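Per-entry structural report
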Amino acid sequence: MAQDTVFTPDVRFVRELKKAGGDTLKKCYQCATCSVVCPLSPDDKPFPRKEMLMAQWGLKDELIKSSDIWLCHNCNDCSKYCPRGAKPGDVLAILRKSVIQENAFPRFMGKLVGDPNNIWQALAIPVVLFLVILGATGHLHIPEGEVVFSKFFPVEFIDGVFVPLSGLAVLMFAISISRFWKNMTAGSSMKPKAEFMPSLVETLKEIMTHAKFKKCDENKDRSVAHVLVFYGFIGLAITTGWAVFNLYILQWELPYAVDEHALSIFGGSAAAAWAYKIIFKLFANASALMLLAGGFLVIKNRLKERAVETTTSSFDWLFASIVLLVGVTGFLAQVMRVTGFPAVLAYATYFIHLVLVFYIIIYVPYSKLAHFVYRTAAITWTKMLKRDVEM
Ligand code: SF4
Ligand code: SF4
């Protein structure tokens, strides 16, 4: 005898989806055009039609456990062809954001960072923290003489904030992702047919080459913007690790000239010391430039998407704007330092830059950047199930 399956609709969840931008959800009449045109949807149990139905019914528990919503790369081919203007691409994007909030540890951080209405509270945390540190250490004033950022906000203070809080963020992220993995794998009716490690390696290769983006039709341009932001971030992460190596292992603060200590590191060769310094600076600036260019392109593409009848959520706008502002304030601070702008402007720009960097790094388990890890986990799982579309 067939067994009955009991679903529990969550009306509040439907309301939240609609409020977050999925107000077109109810227009879907299940024609399945979206599943047919989606270049990334598998033949068996394709998406996004079934997710539209589940979202209409408020089947929150099922959607939170779904790995399929992470196979979508938000190309919006489906939204373009949807005869009802139900915007399935946008609905899936909102669902992914909800999954991050649901799995967030601690939960209130998911709400704080995930809801763009809380942006001022989220930014107030680093502002207050930095002001307290500067005030308590007697640095809450504009230093005299040449603009040197470490005179205003010493590197040790920055490390004292960022190193432990980054460690905490990694721990919170690990807990959030393990929650997600547990829910996703427990909620699957299929059994894995492949091992974890080979599936993960295949997933990472696919992500590094952005192979899936290339399958999209409507929004192919997003691939370039995504590649620039992605590698810009990786470059800046390497730069940060490299700077820590220079400071604490070589004990050489690079912004300063090649001195005796630097010469002793490089066996007395000034040319080698300068070459090392220049390579570091070029790498750091190239990474920042990629981030900046990627940020501009993300904004440009978002504006273009408006023309193809899609709704970019304020969550996406917020992230794109912050990425752009991090790049802009970083460059401006550098330019102001070397071109003799009024010191107060240079230090204020640097302070804003640090606040934005805090937002990007410390809030990573709850922000748009968390997508990278959630998506990697979900694609790995679908590869283990052999459910993924072959590239
Ligand atoms: S979202 Fe649009 S294309 Fe997809 S099933 Fe609904 S009405 Fe059809
Ligand atoms: S946005 Fe693109 S990848 Fe996502 S469901 Fe629609 S067509 Fe598929």
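Residues numbered from 1 in each chain as written. Chains lettered and ligands numbered in written order. Predicted model: local features only at pLDDT ≥ 70, side-chain atom pairs only at ≥ 80, totals over all residues. Heavy atoms only, no water.

Moving on: the site of ligand 1. Contacts to ligand 1 come from 14 residues, most closely from Cys 28, Cys 31, Ala 32, Cys 34 and Cys 82. Among the detected pockets, ligand 1 sits in the second largest cavity. Mapped by element, the contributors of at least two residues to the shell around ligand 1 are helix H2 (33-37) and helix H3 (49-56). Taken together, the residues that form the shell around ligand 1 break down as ten nonpolar, two polar and two charged. (Near = heavy atom within 4 Å. 1 Å grid on protein atoms, 1.4 Å probe; cavity = no way out; pocket = protein on both sides within 12 Å on 5 of 7 lines; lining within 4 Å. Sits in = over half its atoms within 2 Å of the grid points. Helix = DSSP H or I, 4+ residues; strand = E, 2+ residues; numbered from the N terminus. Nonpolar A, V, L, I, M, F, W, Y, C, P; charged D, E, K, R; others polar.)

Many analyses report the size of an interface as the accessible area lost when the parts associate. Assigned domains within the protein: domain 1 (11-102) and domain 2 (107-384). Put simply, the middle of domain 1 and the middle of domain 2, counted by C-alpha atoms, are 29 Å apart. Taken together, the contact pairs 26 residues of domain 1 with 39 residues of domain 2. The largest share of the area that domain 1 buries against domain 2 comes from Trp 70, His 73 and Ile 100, three residues that together contribute 23% of it. For the pair domain 1 and domain 2, the number of links is zero salt bridges. At the junction of domain 1 with domain 2, the criterion picks out five residue pairs in polar contact (both at pLDDT 80 or more). In terms of residue count, helix H6 (residues 88-103) provides more of the side of domain 1 that touches domain 2 than any other element does, seven residues in total. When the residues that make up the side of domain 1 that touches domain 2 are grouped by side-chain class, the tally is eleven nonpolar, six polar and nine charged. (Domains from an automatic or database assignment. Contact = heavy atoms within 4.5 Å. Buried area = accessible area lost by both parts, 1.4 Å probe. Salt bridge = Lys/Arg side-chain N within 4 Å of Asp/Glu carboxyl O. Polar contact = N/O pair within 3.5 Å; in protein donor to acceptor, adjacent residues only side chain to side chain.)

If you look at the biggest cluster of nonpolar residues, it comprises 48 residues, and the most contacted ones within it are Phe 130, Phe 153, Phe 162, Ile 322, Tyr 350 and Tyr 359. It is helix H16 (residues 343-362) that contributes the most residues to this core, twelve residues altogether. Of all hydrophobic cores here, the second largest spans 38 residues; its members include Cys 28, Cys 38, Leu 92 and Ile 177. (Core = buried A, V, L, I, M, F, W, Y, C linked by side-chain atoms within 4.5 Å. Buried < 20%, exposed > 50% of the residue type's maximum accessible area, 1.4 Å probe, protein only.)

Right, let's talk about the site of ligand 2 for a bit. Around ligand 2, 14 residues are found, and the nearest of them are Cys 38, Cys 72, Cys 75, Asn 76 and Cys 78. According to the grid-proximity analysis, the pocket containing ligand 2 is the largest cavity. Elements with a minimum of two residues in the shell around ligand 2: helix H5 (77-81) and H6. In the shell around ligand 2, the residues fall into nine nonpolar, four polar and one charged.

Counted as a void, the second largest pocket has a volume near 550 Å³. If you go around the second largest pocket, you meet 21 residues; those closest to its centre are Lys 50, Met 54, Glu 62, Ser 66 and Gly 187. By residue number, the principal contributor to the lining of the second largest pocket is H3, which donates four residues. The residue inventory of the lining of the second largest pocket, partitioned by class, reads nine nonpolar, five polar and seven charged. (Points joined across faces, edges and corners; volume = space filled by probe spheres on them.)

What follows concerns empty space enclosed by the protein. Applying the stated criterion to the full structure yields four cavities of 30 Å³ or more. In this structure, the largest cavity encloses a volume near 100 Å³. Together, 15 residues line the largest cavity, and Cys 38, Phe 47, Cys 72, Cys 75 and Cys 78 are the ones closest to its centre. Those elements giving two or more residues to the lining of the largest cavity turn out to be H5 and H6. Of the residues that constitute the lining of the largest cavity, the class distribution is ten nonpolar, four polar and one charged. A volume near 80 Å³ is recorded for the second largest cavity. Cys 28, Gln 30, Cys 31, Cys 34 and Cys 82 are the residues nearest the centre of the second largest cavity, which is lined by 14 residues in total. Of all the secondary structure elements, the ones that give two or more residues to the lining of the second largest cavity are H2 and H3. Tallied by class, residues from the lining of the second largest cavity come to ten nonpolar, two polar and two charged.

Glancing now at the packing of helix H8 (residues 119-136) against H16. Viewed as axis vectors pointing N to C, H8 and H16 meet at an angle of 125 degrees, and their least axial separation amounts to 10 Å. The angle between H8 and H16 falls in the class oblique. Once H8 is placed against H16, the crossing between them reads as right-handed. Along its contact with H8, which presents Ile 119, Ala 122, Leu 123, Pro 126, Val 127, Leu 129, Phe 130, Leu 131 and Leu 134, the element H16 presents Phe 351, Leu 354, Val 355, Leu 356, Phe 358 and Tyr 359. (Axes fitted to C-alpha atoms, helices over the stretch in contact; angles between N-to-C directions. Parallel < 35°, antiparallel > 145°, perpendicular 65-115°, else oblique. Left-handed = near helix turned anticlockwise from the far one by under 90°.)

The next thing to look at is unusual backbone geometry. For the bond from Phe 47 to Pro 48, the omega torsion is 10 degrees, close enough to zero to count as cis. Position of Pro 48 among the secondary structure elements: in the loop between H2 and H3. Cis geometry is adopted by the peptide bond preceding Pro 106, which originates at Phe 105 and carries an omega value of -10 degrees. For Pro 106, the position within the fold is in the loop between H6 and helix H7 (107-114). Although it is not a glycine, Ala 32 sits at a positive phi angle of roughly 75 degrees. On the secondary structure map, Ala 32 appears in the loop between helix H1 (11-22) and H2. Residue Ala 32 is classed as partly exposed on the basis of its relative accessible area of 22%. For Asn 74, which is not glycine, the phi dihedral falls at a positive 60 degrees.

On the surface, Ile 142, Val 335, Phe 341, Val 344 and Leu 345 cluster together into a nonpolar patch covering about 400 Å² of accessible area. Relative to the elements of secondary structure, Val 335 occurs in helix H15 (residues 314-339). (Patch = residues over 30% accessible without salt bridge, like charges linked within 9 Å, V, L, I, M, F, W, Y side chains within 5 Å. Areas by Shrake-Rupley, 256 points an atom, 1.4 Å probe, with all protein chains shown as cover.)

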